[in-house]
Amino acid sequence: NAGGVNGTKVDLLTWDDQHSAAVAQTLQAQGIADPTVLGIVGPMNSGVVLGSVQGLQAASPPLPFVSESASNVKVTDSGNSVAHRVNARDDAQGPADGKFLIDQGAKKVEVMDAKSDYSTALADQTEKYLKDHNVPTQRDAAKAGQTDFSTIIQKIKSFGADWVYFADEGPDTAPFVTQLEQQGLTIGQNIQFLGTDGEEDPSIIAKSQGAYDGAYATNITADPAGVASAASYVTKYKAEYGADSISKAGPFYGSAYEAAQALLQAIKNSPVKNGKISRNDVISHLASDTFSTIFGSVKFNAKGDVQGGGIFVYQAKGADMVVIKQVSG
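Structure report, in brief. (Residues numbered from 1 in each chain as written. Predicted model: local features only at pLDDT ≥ 70, side-chain atom pairs only at ≥ 80, totals over all residues. Heavy atoms only, no water.)

## So, the overall build of the protein
And step 1. The helix and strand inventory of the protein stands at 11 helices and 12 strands.
And step 2. For the protein, the C-alpha radius of gyration of 20 Å lies close to 20 Å, the compact-globule estimate for 329 residues.
And step 3. With the principal axes as the frame, the protein shows a C-alpha extent of 70 × 40 × 30 Å.
And step 4. Within the protein, contacts between residues separated by at least 24 positions form 67% of all contacts whose residues are at least 6 apart in sequence.
And step 5. Taken together, the 26 basic and 36 acidic charged side chains of the protein have centroids lying 4 Å from each other. (Helix = DSSP H or I, 4+ residues; strand = E, 2+ residues; numbered from the N terminus. Rg over C-alpha atoms; globule rule 2.2 N^0.38 Å. Contact = heavy atoms within 4.5 Å. Lys, Arg positive; Asp, Glu negative; His and termini not counted. Charge placed at Lys NZ, Arg CZ, Asp CG, Glu CD.)

## Examining the packing of aromatic side chains
And step 1. Here the structure, examined in full by the defined rule, presents 13 aromatic pairs.
And step 2. When the centroid spacing of 6.1 Å and the interplanar angle of 55° are considered together, the rings of phenylalanine 291 and phenylalanine 300 count as tilted. Accessibility classification places phenylalanine 291 together with phenylalanine 300 in one group, the buried group.
And step 3. The ring of phenylalanine 159 carries lysine 108 above its face, with NZ or CZ at 5.1 Å from the centroid. (Phe/Tyr/Trp six-rings, centres within 6.5 Å; stacked < 30°, edge-to-face > 60°. Buried < 20%, exposed > 50% of the residue type's maximum accessible area, 1.4 Å probe, protein only. Lys NZ or Arg CZ within 6 Å of the ring centre and 35° of its normal.)

## Focus on empty space enclosed by the protein
And step 1. Overall, the coordinates contain one cavity of 30 Å³ or more when judged by the stated rule.
And step 2. The computed volume of the largest cavity comes to approximately 60 Å³.
And step 3. Along the walls of the largest cavity sit Met44, Asn45, Ser46, Ser69, Tyr118, Glu169, Asp197 and Phe252, which together make up its complete lining.
And step 4. Grouping the amino acids of the lining of the largest cavity by side-chain chemistry returns three nonpolar, three polar and two charged. (1 Å grid on protein atoms, 1.4 Å probe; cavity = no way out; pocket = protein on both sides within 12 Å on 5 of 7 lines; lining within 4 Å. Points joined across faces, edges and corners; volume = space filled by probe spheres on them. Nonpolar A, V, L, I, M, F, W, Y, C, P; charged D, E, K, R; others polar.)

## Quick notes on the pattern of salt bridges
Oppositely charged side chains are able to pair whenever their charged atoms sit close together.
And step 1. What the rule picks out here adds up to 15 salt bridges.
And step 2. Arginine 89 is the salt-bridge partner of aspartate 77, the closest N and O atoms lying 3.0 Å from each other. With aspartate 77 in helix α3 (residues 74-77) and arginine 89 in the loop between β3 (83-85) and α4 (90-103), the pair connects residues that are 12 residues apart, well separated along the chain.
And step 3. Within this structure, Asp77, Arg85, Arg89, Asp91, Lys303 and Asp305 form a network of salt bridges that share partners. (Salt bridge = Lys/Arg side-chain N within 4 Å of Asp/Glu carboxyl O.)

## Focus: the packing of helix α6 (residues 150-159) against helix α7 (residues 173-182)
And step 1. Running from amino to carboxyl end, α6 crosses α7 at an angle of 55°, the nearest separation of the two axes being 10 Å. Of the possible angle classes, the one that applies to α6 and α7 is oblique. For the pair α6 and α7, the sense of crossing is right-handed. On the side of α6, the interface is formed by Ser150, Ile152, Ile153 and Ile156, while α7 contributes Phe176, Gln179 and Leu180.
And step 2. For the contact of α6 with α7, the class distribution of residues is five nonpolar, two polar and no charged. (Axes fitted to C-alpha atoms, helices over the stretch in contact; angles between N-to-C directions. Parallel < 35°, antiparallel > 145°, perpendicular 65-115°, else oblique. Left-handed = near helix turned anticlockwise from the far one by under 90°.)

## Structural notes on the layout of surface pockets
In this approach a probe as big as a water molecule rolls over the atoms, and the regions it shows empty are the leftover space.
And step 1. Roughly 470 Å³ of internal volume is contained in the second largest pocket.
And step 2. Along the wall of the second largest pocket there are 24 residues; nearest its centre are Pro202, Asp223, Ile246, Ser247 and Met321.
And step 3. Put simply, the parts of the chain that give the lining of the second largest pocket at least two residues each are α9 (231-241) and β12 (320-328).
And step 4. The dominant element in the lining of the second largest pocket, judged by the number of residues it contributes, is β12, at three residues.
And step 5. Counted by class, the lining of the second largest pocket contains 13 nonpolar, four polar and seven charged residues.

## Observations concerning the sheet that holds β3
And step 1. The three strands lie next to each other as β1-β2-β3, forming an open sheet whose pairing is parallel. On the outer flanks of this sheet lie β1 (40-41) and β3, each paired with one strand and no other. (Pairing = 2+ DSSP bridges.)

## Some words on unusual backbone geometry
And step 1. Between glycine 42 and the following residue, proline 43, the backbone shows a cis peptide bond with an omega angle of -10°.
And step 2. We note that glutamine 209 has phi near 50°; this positive angle belongs to a residue other than glycine.
And step 3. With respect to the helices and strands, the residue glutamine 209 is situated in the loop between α8 (203-207) and β8 (216-219).

## Points about the pairing of strand β9 (residues 290-293)
And step 1. Along β9, the buried face is formed by Phe291 and Thr293; none of Thr290 and Ser292, which line the opposite face, is buried.
And step 2. The antiparallel pairing of β9 with strand β10 (residues 296-299) creates a hairpin that spans two residues between the two strands.

## Some thoughts on the nonpolar core
And step 1. In this structure, Ile156, Phe176, Phe193 and Tyr212 are the most contacted members of the largest nonpolar core, which totals 30 residues.
And step 2. Among the secondary structure elements, those contributing two or more residues to this core are α6, β6 (163-167), α7, α8 and β11 (311-317).
And step 3. Those residues in contact with phenylalanine 176 that sit more than four places away from it in its chain are Met112, Phe149, Ile152, Ile153, Ile156, Val164, Phe166 and Phe193. (Core = buried A, V, L, I, M, F, W, Y, C linked by side-chain atoms within 4.5 Å.)

## Some details on helix α11 (residues 279-288)
And step 1. Arg279, Asp281, Val282, Ile283, His285 and Leu286 are the residues of α11 that are buried.
And step 2. Looking at the buried residues of α11, the elements they touch are α1 (21-33), β2 (65-67), β3, α10 (253-269) and β9.
And step 3. Its side-chain oxygen placed 3.0 Å from the backbone nitrogen of asparagine 280, serine 278 serves as the N-cap of α11. (Polar contact = N/O pair within 3.5 Å; in protein donor to acceptor, adjacent residues only side chain to side chain.)

## What to know about the packing of α10 against α11
And step 1. Their axes nearest at 8 Å, the elements α10 and α11 cross at an angle of 120°. Viewed along their axes, α10 and α11 form a crossing whose handedness is right-handed. Every residue of α11 that contacts α10 at Ala262, Leu263, Ala266, Ile267 and Asn269 is listed here: Val282, His285 and Leu286.
And step 2. Among the residues making up the contact of α10 with α11, the classes are represented as six nonpolar, two polar and no charged.

So far we have only geometry, and geometry alone does not tell us how the molecule works.
Dropping the structure here:
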């Protein structure tokens, strides 16, 4: 809507890395080779970032990125000047999730991951917090695409868990909670459930025929629909993509826009020399500037982490996931 940057139109190249670092490297090579590509919004997944950031950093000049959702601490702890993210980190989310479980009265927690860089690291952080606070845990893993959870559910029963914590990005949750209920464990009654980013997706409620009702999930970014400063963005989004588009937008439609706003402002603030903007100048402005976004002011610290990133708790109520509180940030 700003008419480009300094009167020059900004072209958006849309890349789908398919959650694969190898695919991302191939796509990023196109951007690295083109000096007019000044930055990347994404990657979404921690594993994709960790498997491709070396190429972005080694490029001449380096190609910066602003991720909307990559939460593994190594994303920004590895000393790369190209790395930025607008979301909170695992070492904020894990303790926040653990504290929420304890505040809710959890006595025994089944901790599950989905065997990915993201889910394993987050589950580790949460499990450590619970153990440090003397809450017994049992650890299991579900692989992506798993359809039969009977063995894990039997272990949950034998352990006597009153809470299940599943660090996952959503796709395996509906079959899992459906089978929990079929095996006599009903969320909100004799078992409670806390999921993570991607599991605050309302489609899980429908896909599980309501077995998910009452479940909680945390996310490392806010939902624009619940933030006053993002109201006009939500209105424009619905106008562009349809009245029901928000329910299909995924958990990061707000943070992805926020990341794009920060990157575009860093580009706009960079000097134009001989009709060109340098990636090095964009990196410099990403490091130093404060950006105006739909979620308020954003500034990155020396590592590229957003200052004051929040963790938000959602609960499945009826057909929707509703934000019930902010637990950190």
